[in-house]
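# A structural walkthrough
Chain residues, written in single-letter form:
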Amino acid sequence: RSYYARPRQFEHKKSSIDLVTQADRDSEKLVVGSLRDAFPDHHIHGEEGGGYGPAPEVTPYHWYVDPLDGTTNFAHRLPIFSVSIALTDPELHPLLGVVYNPMHEQCFTAIRGEGAWLNGDPLHVSTTDNLGQALACTGFSYDNWTNPTNNIDHFAHFMSRTQGVRRLGSAALDLCFVAAGQLDVYWERNTNPWDVQAGLLCVLEAGGHITDHEGQINATALSGKRILATNGLLHDQALTVLTQGDAAPRPTA
């Protein structure tokens, strides 16, 4: 929050739309330092700094840290961003997740097999069972200027088959909003484990469902490369849109 109030400053990483700020770096330094002190035998994957601790192949515990998910929003002073921290096994099965929304003081947490919460209150996915009544959300990868598989086609297909599609800019929060029943469907291409691991555990523990874009529960989904998260009731309908595109059924008025 203190960095947010400062004059706008950012640097470019891999492209003109892939940004990093000092807040990203200092947040990662703080989180990773605390995790290394508490769990020196765990491997830590940080978005900005790479790997920390023992080699990943020698430890059963892996932390994924996104110190500022939604950097573009943050850099433009749009108050939709988060800090995402997840603990997984070596196969990316999430064990624990925390997503903190600092501008609204929302702390989403989940523990595998024990549930998900927002500031201590239990989370539950929505009961919407008709895609035509659903609110969906997605995002776009940093190579969308040049990559022909840039998600624009899926965005158009869902726009004409739901009550609306939002692009909020923080994958971690998008998933938490599905867990909280505020969104019904989330899909995206080309995100990373630190973007999605904490949020997808919140969805699962709140009663939702996670697969890849073909309906499989695998590393493609768990890593965020092609992820679909829903309340469960809408999952097959959302998969139909992803797999059939323009040929997918449209809702009737």
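Note that the structure is a prediction, hence the values are computed from the model and not measured. (Residues numbered from 1 in each chain as written. Predicted model: local features only at pLDDT ≥ 70, side-chain atom pairs only at ≥ 80, totals over all residues. Heavy atoms only, no water.)

Let us now look at the side chain of His235. Along the polypeptide, His235 turns up in helix α7 (residues 235-244). Taking the relative accessible area as the measure of exposure, His235 reaches 3% and is therefore buried. Only 2.8 Å separates the side chain of His235 from the side chain of Thr230, close enough to count as a polar contact. (Helix = DSSP H or I, 4+ residues; strand = E, 2+ residues; numbered from the N terminus. Buried < 20%, exposed > 50% of the residue type's maximum accessible area, 1.4 Å probe, protein only. Polar contact = N/O pair within 3.5 Å; in protein donor to acceptor, adjacent residues only side chain to side chain.)

With respect to the element layout, Asn231 can be found in the loop between β15 (226-230) and α7. There is a polar contact of 2.7 Å between the side chain of Asn231 and the backbone oxygen of Thr128. A distance of 3.0 Å separates a polar side-chain atom of Asn231 from the backbone nitrogen of Leu234. Once residues lying within four places of it in the same chain are set aside, the contact partners of Asn231 are Val125, Ser126, Thr127, Thr128, Val178, Asp184, Gly207 and Gly208. (Contact = heavy atoms within 4.5 Å.)

Bridge count for strand β8 (residues 106-111) against strand β9 (residues 115-118) is four bridges, and the pairing is antiparallel. Residue pairing for β9: Ala110 is matched across the bridge by Ala116. Here β8 folds back onto β9 in antiparallel fashion, the turn holding three residues, of which Gly113 has a positive phi close to 80°. Where β9 lies against strand β10 (residues 121-122), two bridges are found, and the strand directions are antiparallel. Considered in β10, the bridge of Leu118 is made with Asp121. (Pairing = 2+ DSSP bridges.)

The tally for this structure, following the rule as stated, stands at seven aromatic pairs. Summarising the aromatic geometry, the rings of Phe74 and Phe81 are spaced 5.1 Å apart at their centres and angled 85° between planes, so their arrangement reads as edge-to-face. A single burial state applies to Phe74 and to Phe81, both of which are buried. Put simply, the rings of Tyr4, Phe74 and Phe81 pair up and form one aromatic cluster. The side chain of Arg77 reaches across the aromatic face of Tyr4, ending 5.6 Å from its centre. Sitting over the ring of Phe74, Arg77 keeps its end group 5.5 Å from the ring centre. (Phe/Tyr/Trp six-rings, centres within 6.5 Å; stacked < 30°, edge-to-face > 60°. Lys NZ or Arg CZ within 6 Å of the ring centre and 35° of its normal.)

So yeah, pure geometry; function would need other evidence.
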